[in-house]
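Architecture at a glance
Listed below are the residues making up each chain.
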Amino acid sequence: MKRAFAFGDKSLDPAVRRVNQVRRAAVIGAGTMGQGIAIDLLRKTDWHVTLLDVRDEALNGARSRLAGLWAADAAAGRIRPEDARALEARVTCTRDYAGLRECDIVWEAATERAEVKSAIFKAIEKAIDPARLAAVFSNTSSHTTEELALLFSTEALREKFLTVHGYYPFEANRLLDVMRGPFASADTFAFGVVVADQVLEKTAIALERDHHGYITDPVFQAMGAVVSWDVRSASDLVSLGGVWTLFTANPFLVLDQTGHMPYTESSRHLGDALPATDRLRGLYKRDGVHYPAWIAALEKDGRIGIASPQRRGFYAWSEGDRPRATAILDPGTGQYVPIPEPSRRDFWSYFEAAERDRRAGTIKSAESLVFVAGADDAGGRAFRKYVFPILLYALDMVQDGYATPGQVNACTRAGLRFKVGMIEAVDALIAHYTIDGLLELVRRARDENADDPHAAALLDTDGVAGPRAGKPCLLHALRKRNRDALLGYGQFYRTPVAELDLATGAYVGSYPELKFVEPSSRDRVVSIVFNNPLRGNVFNKAVIDQLGHAFHRALDLHRAGRCGAVLFTAAGAGMRMLGADAREFNRGWFEADKGYAPLTEDQAAASSRNAVGLFRIIQTSPLPTIGVFGEKWGGGAEFTYYLDLRYDVRQVGMVFDPLDRASHWTQKNTYNQPEIDYAILAGFGGPGELRRLGMGDSAVFELFDQGMTADRAHQVGLSNGVFDDEHEALRRGYERARQMAKDPPYSRALFKKELARGIDDQALARETGETFNPRKNPYIRSGLVRLLDRAGRPPPMDYAVNGIELPGWQYPAGHGLADPETETKGGTP
């Protein structure tokens, strides 16, 4: 969405207003990351973007790439030719810092070299207009906010400085870190979080405390560094680096795509700057060097990956827009050789893990990680030597208060695209081995590597060696607290929905794909935002688990009188909502050459039963609900049929006319039910719910066979409000929720019971009488005073439901967590 919205959070109002005033932003550095930032800003805002670099070749490359993107979008019918021209007109490529004076945001994404950053920051300070400037961001990978803020000479600029860091490819990666540091004001920090969250539509990780590399970068940096010192051959690059393919991708393959510069420059900086208590500091300086000689040789030769003239780095790459690795470096000879496969004899656990996942219809599962962690082959030893130190480092960040368990897990999933997040992996290992068993397994790793002088420090769990001496790892504290998990898991699919609060011992909501905005005491509206716009806010297993926990949380607030209505909406331009995740219709990876691997009948039935059961709770609860959405497909549309009210945002775009065989710019459908086209059923109950909402057969056929625009949906009574502007739709939707929140719970519950029952005059007379009985309906006195004394100031109503029996409704047991033990131990999430 091109404008920010506070969702009733008054503390965000100043930041939201300032974000909505932004008109110009500058990006310093026209390399890979700078181009990605510029692309995202241009696509997701109306701002003018100044792209600044001292190198003409970098600016020319950026111009060429941007022009190519807009031309490709126009050719594919995603935008019009005039839109492409407008995008080009909103970019200024320059070498002159004078253009910064008109900018509201300056975003440095140039280099990790301290001396170069110092010169850039001095030029920024000289060029900007302090009165106009809202914030300066740096995309640094390894520096702290404090280190860089001190490069400014004035306190005023330090107060406006944040490190805001994205991941490759910036325009297609969900994660964005926002780190405050010691100088930035609260207003600046809130401004940066709103830009990351609502303008750039990212999973924003807001970090109050300074930390080298945020959460994700030190993990990724270490994934390569911990292996690099042991690499001697091409087979080592594949087999040892390949231990990370159990989670995501080989880090050396990724580094070739991002370029080696951030890695080598960060290694130099981290080797000198990491604090004495950092477990990983020994990875970045050994015998006076920051990385092995074979990586230094690549850097010296300019072989830094795909972007180098030779198109070589750790791998050799093919030409074209979609390059692929064709050969791999042999560090011993410096030559490129055919890419070997790990030895099946020595690394059999890798292959067995993949086979187990194939049989189970899973992808890089936690069960496979646990299996390899305990294996007796070279794969198991590699896992214990290279993965365990990074898992312990993740626990260190939680223990030291830099991040929460949910943040660490979300960072590794969203930023590094782990299939199993790091904290999930720790929980799975504890579940299999127990805490004592896991501690013993780490000690086994230490013994296996007794000849490595660095292993004892990296694998220390007891606080006896290296940087963590005197500070036993978090596993010991968990054992003392009788905790065996850092995350809470959903009731349907056991995906993460909560995190352990170390201060209170309670499990609190933590949603990678949703945002939950607490109600204010004035408005009493909970906002639940589907928050994965890069995937179209798809309904997958994780979302069902998170939605279940989030709505149970809203119900708990309703019972306490703190929540009177729920607003549902979706992040991203167009407020788009897709249906059930098609990737989950296939068992495991879908491979075109092998074809569809079908779900079993029981698996498919469960996907419908779980979702519809949850939607039915939302529908029948005494909590008023309203949805504000744009384009909806399949299950995304069906979900809205269970809500009390639906507000729609008109959608326009290129629509293909099959008769003309051409695309035209026109209003698009906002309701789409294409399931029958793909030989499946509307498994979330769409046809029945549309009939319940009063749609005749003709209208239902129309929706399923050709879709409906927002205006047509309003005409047939499906939509309760239609808007051109997303921000206005949200504003009106939130206000309607705020008004509905004033409904007393008893009469709202009775109203829904009556709707579901239909006409029954005897029941109606009985229930009307009951509403006037204050022993059954304790809200009647306040309600009638409000009605009868409209000119007065009636006392505020106590909306709490504790001890009151609501007609036709019982609060569901539990709190949306899989394990009742977790709720009992940790209190209410």
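See the structure printed just above.
A closer look at the overall build of the protein chain
Helices and strands together make up the secondary structure of the protein chain, namely 31 helices and 24 strands. Relative to a compact globule of 829 residues, whose C-alpha radius of gyration would be 28 Å, the protein chain shows 28 Å and is just as compact. When the backbone C-alpha atoms are referred to their principal axes, the protein chain occupies close to 90 × 60 × 60 Å. Here the protein chain, with 829 residues, has 55% of them falling under the buried criterion.

A closer look at the sheet that holds strand E8 (residues 203-207)
Within the open sheet, the eight strands sit side by side as E3-E2-E1-E4-E5-E6-E7-E8. Their pairing is mixed. Strands at the two margins of the open sheet, each flanked by one partner only, are strand E3 (91-94) and E8. Adjacent strand axes in the sheet meet at a mean angle of 20°, parallel and antiparallel pairs treated alike. Here strand E2 (residues 48-52) runs beside E3; their pairing, made up of four bridges, is parallel. Residue pairing for E3: Thr50 is matched across the bridge by Thr92.

So, the pattern of salt bridges
On inspection of all chains with the given rule, the structure shows 66 salt bridges. A salt bridge links Asp104 to Arg18; its shortest N-O distance comes to 3.4 Å. Taken as a pair, Asp104 in the loop between E3 and strand E4 (105-108) and Arg18 in helix H1 (residues 13-21) lie far apart in primary sequence, 86 residues in all. According to the relative accessible area criterion, Asp104 is buried, its value standing at 4%. Two residues, Asp644 and Lys752, come together in a salt bridge whose shortest N-O distance is 3.2 Å. In this pair, Asp644 sits in the loop between helix H23 (635-641) and strand E20 (645-649) while Lys752 sits in helix H28 (residues 745-757), placing the two residues 108 residues apart along the sequence.

Some remarks on the layout of surface pockets
Reported here for the second largest pocket is a volume of approximately 1800 Å³. Along the walls of the second largest pocket sit 47 residues, with Arg43, Arg78, Ile79, Ala573 and Gly574 positioned nearest its centre. Listed by contribution, the elements that provide at least two residues to the lining of the second largest pocket are helix H2 (32-44), helix H3 (56-75), helix H4 (81-89), strand E21 (651-657), strand E22 (662-668) and helix H27 (726-740). Split into classes, the residues belonging to the lining of the second largest pocket amount to 16 nonpolar, 10 polar and 21 charged.

Thoughts on the nonpolar core
Residues Phe388, Phe530, Leu547 and Phe568 are the most contacted members of the largest nonpolar core, which totals 144 residues. For this core, the leading source of residues is helix H16 (residues 378-399), giving 14 residues. In terms of nonpolar packing, the next biggest core, distinct from the first, is built from 48 residues, Ala30, Leu41, Val91 and Phe170 among them.

Thoughts on empty space enclosed by the protein
The final tally for this structure, using the stated rule, is eight cavities of 30 Å³ or more. Listing elements by their share of the lining of the largest cavity, those giving two or more residues are helix H8 (186-199) and strand E17 (565-570). Classifying every residue of the lining of the largest cavity by side-chain character gives eight nonpolar, three polar and three charged. As a volume, the second largest cavity reaches approximately 100 Å³.

As for the packing of helix H14 (residues 348-360) against helix H15 (residues 366-373)
One way to put it is that H14 packs onto H15 with a least axis distance of 9 Å and a crossing angle of 155°. When the axis of H14 is compared with that of H15, the two are roughly antiparallel. The handedness of the crossing between H14 and H15 is right-handed. Residue-level contacts link Trp348, Ser349, Tyr350, Glu352, Ala353, Arg356 and Asp357 of H14 to Ser368, Phe371 and Val372 of H15. A class-by-class count of the residues in the contact of H14 with H15 yields five nonpolar, two polar and three charged.

Quick word on the sheet that holds E20
A sheet is described by the order of its strands in space; here six strands give the open sequence E15-E16-E17-E18-E20-E24, paired in mixed fashion. Only two strands of the sheet have a single partner each, and these edge strands are strand E15 (514-517) and strand E24 (721-723). Within the sheet, the average angular offset between the axes of one strand and its neighbour, ignoring direction, is 15°. Direction of pairing for E17 relative to strand E18 (residues 625-629): parallel, over a ladder of four bridges. Across the sheet, residue Thr569 finds its bridge partner in E18, namely Val628.

A few points about the pairing of E18
Taking burial as the measure, the five residues of E18 include five buried ones, the bulk of the element. What you see with E18 is no split at all: Thr625, Gly627 and Phe629 on one side and Ile626 and Val628 on the other are buried throughout. In the classification by handedness, the crossover that spans E17, the intervening helix H22 (residues 601-620) and the parallel E18 is right-handed.

What about the packing of helix H9 (residues 216-228) against H16?
For the pair H9 and H16, interaxial distance at closest approach is 9 Å and the crossing angle is 155°. When the axes of H9 and H16 are compared, the pair comes out roughly antiparallel. Handedness of the crossing formed by H9 with H16: right-handed. Where H9 approaches H16, its residues Pro218, Val219, Ala222, Val226 and Val227 are matched on the opposing element by Lys385, Tyr386, Ile390, Tyr393 and Met397. Broken down by class, the residue content of the contact of H9 with H16 amounts to nine nonpolar, no polar and one charged.

A short note on unusual backbone geometry
Cis geometry marks the peptide bond from Tyr168 to Pro169; its omega dihedral reads -15°. Looking at the element boundaries, Pro169 is found in the loop between strand E6 (161-166) and strand E7 (175-179). Non-glycine residue Phe7 carries a positive phi angle of around 50°. Note on placement: Phe7 falls in the segment before H1.

Some remarks on the packing of aromatic side chains
By the definition in use, this model includes 32 aromatic pairs. Between Tyr511 and Phe516 the ring centres are 6.5 Å apart and the planes differ by 55°, which places this aromatic pair in the tilted class. As far as the burial class goes, Tyr511 and Phe516 line up, both buried. Here the aromatic residues Phe530, Phe539, Phe551, Phe568, Phe615, Phe629, Phe639, Tyr642 and Phe684 are joined through ring pairs into a cluster of three or more. Across the ring face of Phe183, the terminal group of Arg158 is positioned such that the distance to the ring centre comes to 5.8 Å.

Notes on the side chain of Asn409
Here Asn409 lies in helix H17 (residues 405-415). Judged by relative accessible area, Asn409 falls into the buried class, the value being 3%. A polar atom in the side chain of Asn409 sits 3.0 Å from the backbone nitrogen of Ile423. Setting aside its immediate chain neighbours within four residues, Asn409 contacts Gly421, Met422, Ile423, Glu424, Leu487 and Pro496.

So, the environment of Gln810
With respect to the secondary-structure elements, Gln810 resides in the loop between helix H30 (780-788) and helix H31 (820-826). Sequence separation between Gln810 and Thr620 is 190 residues, and the spatial gap between their C-alpha atoms is 9.9 Å.

Quick word on a nonpolar patch on the surface
Residues Phe585, Phe590, Tyr596, Tyr678 and Ile680 make up a contiguous nonpolar surface patch of about 580 Å² in total accessible area. By secondary structure assignment, the location of Ile680 is in the loop between strand E23 (671-672) and helix H24 (686-692). By relative accessible area, Ile680 is classed as partly exposed at 39%.

A short note on the environment of Lys668
Tracing the backbone through its elements, the reader meets Lys668 in strand E22. Residue class for Lys668 comes out partly exposed when judged on its relative accessible area of 23%. Sequence separation of Lys668 and Val442 is 226 residues, and the distance between their C-alpha atoms is 57 Å. Residues in contact with Lys668, not counting those within four places in the same chain, are Glu631, Gln651, Val652, Gly653, Val655 and Thr709.

Points about helix H12 (residues 261-273)
Here H12 spans 18 Å end to end across 13 residues, near enough to the 18 Å set by a 1.5 Å rise per residue. Considered for burial, the residues of H12 that qualify are Tyr263, Thr264, Glu265, Ser266, Ser267, His269, Leu270 and Gly271. Where H12 is buried, its residues meet helix H6 (145-149), H9, helix H11 (251-258) and helix H13 (293-301).

What counts and how
Residues numbered from 1 in each chain as written. Predicted model: local features only at pLDDT ≥ 70, side-chain atom pairs only at ≥ 80, totals over all residues. Heavy atoms only, no water. Helix = DSSP H or I, 4+ residues; strand = E, 2+ residues; numbered from the N terminus. Rg over C-alpha atoms; globule rule 2.2 N^0.38 Å. Buried < 20%, exposed > 50% of the residue type's maximum accessible area, 1.4 Å probe, protein only. Pairing = 2+ DSSP bridges. Axes fitted to C-alpha atoms, helices over the stretch in contact; angles between N-to-C directions. Salt bridge = Lys/Arg side-chain N within 4 Å of Asp/Glu carboxyl O. 1 Å grid on protein atoms, 1.4 Å probe; cavity = no way out; pocket = protein on both sides within 12 Å on 5 of 7 lines; lining within 4 Å. Points joined across faces, edges and corners; volume = space filled by probe spheres on them. Nonpolar A, V, L, I, M, F, W, Y, C, P; charged D, E, K, R; others polar. Core = buried A, V, L, I, M, F, W, Y, C linked by side-chain atoms within 4.5 Å. Parallel < 35°, antiparallel > 145°, perpendicular 65-115°, else oblique. Left-handed = near helix turned anticlockwise from the far one by under 90°. Contact = heavy atoms within 4.5 Å. Right-handed = clockwise from strand over helix to strand, strands pointing away. Phe/Tyr/Trp six-rings, centres within 6.5 Å; stacked < 30°, edge-to-face > 60°. Lys NZ or Arg CZ within 6 Å of the ring centre and 35° of its normal. Polar contact = N/O pair within 3.5 Å; in protein donor to acceptor, adjacent residues only side chain to side chain. Patch = residues over 30% accessible without salt bridge, like charges linked within 9 Å, V, L, I, M, F, W, Y side chains within 5 Å. Areas by Shrake-Rupley, 256 points an atom, 1.4 Å probe, with all protein chains shown as cover. Expected span 1.5 Å × (residues − 1).

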